[in-house]
Amino acid sequence: MSRLIVISNRVSAPTGSHSGAQGGLAVALQSALKEMGGIWFGWSGEQTDAFTGQVNLHRGDGYTTATVDLEEQDIEEYYNGYANRTLWPLFHYRIDLAEYERGFAGGYQRANERFAETVRPLIEEEDAVWIQDYHMIPLGQELRNRGCANRIGFFLHTPWPPRRLLGTLPEAAELVETMFAYDLIGFHTDEWLQSFCDFARLDMGAELEEGGVIRYKGRSVRVLVCPIGIDAREFRELSASDTARDTFQQMELSATGRAMIVGVDRLDYSKGLEERFLGYQRFLREHPEERKEVFLLQIAPPSRAAVESYQRIRNALETLSGKINGEHADLDWVPIRYVNQGYPRDVLAGVYRASKIGLVTPLRDGMNLVAKEYVAAQDPEDPGVLILSRFAGAADQMPDAVLVNPHSAEEISDAILQALRMPRAERIRRWRAMMEGIEREDVLWWRKRFTDALLEVPLADPEAEDATV
């Protein structure tokens, strides 16, 4: 079996901890690397005065992490700039927030060249290289430019925008062209895959072939729908841990007999938190008989604090939650508990299990693993109800959730009432259907589906075909 070389923007150390700093992608990649062995390479998250390319190695849990520090200009232009102020809003359909600056694009390209130069010596001949997400779209091309003839795959964890939206990016065609350096590109849903194919075919003249293959300028890349999962068994065990049980009891005590609605989201405009609060506010106004029978716990750890749009969303949520609490709170009840910090996953497992409703309503999301973790944490005999945005990638796999349009306060309000009044038999039926899918298409299924497809790619003969686009 080939080693797996995972490359992503950020790397989590293989400590085996259940740290709250680990997002869904980090947990998924750790599971894949523990299964296959290899190296996880990326930015350390640290700043250095001048980029040196020095690699920091850490071994443990069956794989090695390799990280590099970036200098201030790279962080500002590559990470805060092009990744988070250009591509992230664009890929989430928010072209009103996207900033198109040549300096950002130049920094993004420069950082990817530096990543390629640094990681190339770590890649052995038989290794399979798996590059993750929008931060590193051109990295495969840069590795090819440095003579890397290995199988190289790319997985996009965000949505891919429709061709008309992508066309607003000045260098859209050049960016997509670099993706033909890959052997395999994975997307969460068929919608994102088709959007990519539409742009490649209609705007660039690429040709679609049988078997999900696209050909452009002599290079062929296979595209694959491969929705990411969670480690379902591990999360079930986590929800039965001492910490999870203690947290469950703590939440039950603090609820004082009221039904808890929970939302857990990184503080981001794509998560639909303002719309969620407005939908909950409408519920409180339309159903006064239910008003003091519920409360919403919203956990929203801040992120990307250096980006102005994230500062605005935090200010807006603080104002809105204060307004709703001021309008509806009583001496013995507050309708929204709004918490701006992260928690370890075993604590969250206990919170999920104690909640009667999981409210997952992003405006646009590549997948959303919180939805799957919420379901996995439930008591099979008395499960809570998942309310899920139909614009999350997870909706394709979880049709038995209560699906809503997150832009509609009425739909969110109606869904909360439906969930609160849902008979136990129906809750169990819906939960079982979702849990079966989560267990069947878990993170190991995701890893195997992608890496099996990648390893099926014949290795290129460098003498027969130029490896570069």
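1. Points about unusual backbone geometry
Reasoning step 1: One non-glycine residue, Tyr93, adopts positive backbone phi at about 70°.
Reasoning step 2: For Thr256, which is not glycine, the phi torsion reads 45° and is therefore positive.
Reasoning step 3: Of note, Thr256 is situated in the loop between α9 (242–255) and β11 (259–264).
Reasoning step 4: The exposure class assigned to Thr256 is exposed, which follows from its relative accessible area of 53%.

2. Considering the pattern of salt bridges
Reasoning step 1: Evaluated as defined, the whole model comprises 40 salt bridges.
Reasoning step 2: When the shortest N-O distance is used, the salt bridge between Asp265 and Arg276 registers 2.6 Å. On the criterion of sequence distance, the pair formed by Asp265 in the loop between β11 and α10 (273–286) and Arg276 in helix α10 is long-range, its members being 11 residues apart.
Reasoning step 3: Exposure remark for Asp265: the relative accessible area of 4% places this residue in the buried category.
Reasoning step 4: Accessibility expressed as a relative area gives 0% for Arg276, which makes it buried.
Reasoning step 5: Sharing partners across several salt bridges, the network here consists of Glu71, Asp74, Glu77, Arg110 and Arg114.

3. Things to note about the pairing of strand β12 (residues 294–299)
Reasoning step 1: The buried fraction of β12 is high, at 6 of 6 residues.
Reasoning step 2: Burial along β12 is two-sided: the face carrying Val294, Leu296 and Gln298 and the face carrying Phe295, Leu297 and Ile299 are both buried.
Reasoning step 3: Relative to β12, β11 runs parallel, the two sharing 6 bridges. Bridge assignment links Val262 to a residue of β12, and that residue is Leu297.
Reasoning step 4: In terms of handedness, the path from β11 via α10 over to β12 forms a crossover that is right-handed.
Reasoning step 5: Of the pairings in the sheet, the one linking β12 to strand β13 (residues 336–339) comprises 4 bridges and is parallel in character. By the bridge assignment for β13, Gln298 is matched with Tyr338.

4. Some words on the nonpolar core
Reasoning step 1: Ranked by internal contacts, the top residues of the largest apolar core, which has 91 residues, are Tyr280, Leu386 and Leu388.
Reasoning step 2: One finds Leu70, Val176, Ala206 and Tyr310 within the second-largest nonpolar core, a separate group that totals 65 residues.

Reading the values: rules and limits
- Residues numbered from 1 in each chain as written.
- Predicted model: local features only at pLDDT ≥ 70, side-chain atom pairs only at ≥ 80, totals over all residues.
- Heavy atoms only, no water.
- Helix = DSSP H or I, 4+ residues; strand = E, 2+ residues; numbered from the N terminus.
- Buried < 20%, exposed > 50% of the residue type's maximum accessible area, 1.4 Å probe, protein only.
- Salt bridge = Lys/Arg side-chain N within 4 Å of Asp/Glu carboxyl O.
- Pairing = 2+ DSSP bridges.
- Right-handed = clockwise from strand over helix to strand, strands pointing away.
- Core = buried A, V, L, I, M, F, W, Y, C linked by side-chain atoms within 4.5 Å.

Structural measurements only, silent on function.
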